[in-house]
Structures are given as C-alpha cells and as structure tokens.
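Topology and contacts: notes
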Amino acid sequence: MRNKKNILFATIALTLISGFTYVISQTKPTTEPKIIQDTVKNVKPVIIPLPDSVFTDKGLKLRPYKKNAHASYYSDKFNGRKTANGSRFNNSKYTAAHKKLPFGTRVKVTNEANGKFVIVKITDRGPFVKTREIDLSKRAFMDITKHKGAGAMKVTIETIIE
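The following refers to the structure shown. (Residues numbered from 1 in each chain as written. Predicted model: local features only at pLDDT ≥ 70, side-chain atom pairs only at ≥ 80, totals over all residues. Heavy atoms only, no water.)

Okay, the pattern of salt bridges next. Across all of its chains, the model carries three salt bridges by this definition. In this structure, Asp-76 and Lys-138 form a salt bridge, with 3.2 Å as the shortest nitrogen-oxygen distance. Here Lys-138 lies in helix α2 (residues 138-144) and Asp-76 lies in the loop between β2 (60-73) and β3 (95-98), a separation of 62 residues in the sequence. In this structure Lys-138 comes out as partly exposed when scored by relative accessible area, which is 26%. (Salt bridge = Lys/Arg side-chain N within 4 Å of Asp/Glu carboxyl O. Helix = DSSP H or I, 4+ residues; strand = E, 2+ residues; numbered from the N terminus. Buried < 20%, exposed > 50% of the residue type's maximum accessible area, 1.4 Å probe, protein only.)

With that settled, consider the nonpolar core. Counting residues in hydrophobic clusters, the biggest one holds 19 residues, and the most contacted among them are Val-107, Val-109, Val-118, Val-120, Ile-134, Leu-136 and Val-155. Breaking this core down by element, the ones donating at least two residues are β2, β4 (106-111), β5 (117-124), β6 (134-136), α2 and β7 (152-161). No other element matches α2, which puts four residues into this core. Those residues in contact with Val-107 that lie beyond four places of it in its chain are Leu-101, Val-118, Ile-119, Val-120, Ile-122, Ile-134, Ile-157, Glu-158, Thr-159 and Ile-160. One finds Leu-62, Phe-117, Ile-119 and Ile-160 within the second-largest nonpolar core, a separate group that totals five residues. (Core = buried A, V, L, I, M, F, W, Y, C linked by side-chain atoms within 4.5 Å. Contact = heavy atoms within 4.5 Å.)

If you want it as structure tokens, here you go:
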C-alpha cells in the first residue's frame, strides 16, 4: 500500500511540475528593445525637418544624400579581398561600397521600413548593378534589415559632415 502511495505522489508531483514548466515556457519575458551596435556611440535616429537641411544630432552633422535608395550586401566570398581603397574587406565590420562618395566618407544608412540605422565607412566602389545605390557589409545590412532572408532593401542615405 505504501508503494502505491509513493507512486501516486510522484505522478502528481511530476504532473504539476511539468504543467508549471509549460506555463512558464509560454509566457514571453519582458526584454529591453535590442540596441543596434553602431560605429558611433549613443546616436539616435533623427527626423529630417527639411529634405535639404543640415542639422546636428549629438555632435553629428548629417546631410541628406538620397532617399528610397536600394541597398544590398556583400557576399561572403569577398572576405579578405582588397577593396578599392586598398584595405582588406571584412564582412563583420561596418563598411560599404558606393559608386561616387569619396573613400573614408562616413554615412548613416537608415532602413525606411523599420527606422533602424547604422553608420558605415565607404571603403570600396560599387555596387555594379544599375538599380542599387550602396553595398553594405553583411553585418551592417543584418543589423538594420526587417527580414534576415532579404537581399536588398530601401534606405535613406545621409552623409556625416566632419
């Protein structure tokens, strides 16, 4: 009789524990919003009052360059290759390729779909597809994309005036 009571007690305890574990696993924890790793510390997105204005945001002067620009990202096969400015390309850094902007220019690239942005440095020429304006490193692209499987997105490009 005592053995049956122990088995019954263990079964009830196991049922309660598994039910409690299931309830906890179904509740979503409250987490802080993800902070985008950026090349400049503590920079918040700013709404541009006029399309051709220059303004300051915590020490940064931004000049609108292009809206509704198409951005893509580098393939992994380019890792380690030389860029047009002579440096080695690294897909985990915040760099980009642009057809006309001078090397070393820092630009703020904002995803128009979700407002996320990164600041990247122009180190290469490209993209060599007519419809695209800027090629971002994979890290920069993935930080601001809405869908991780996407290969291109519409962005706003602003140059940082030093």
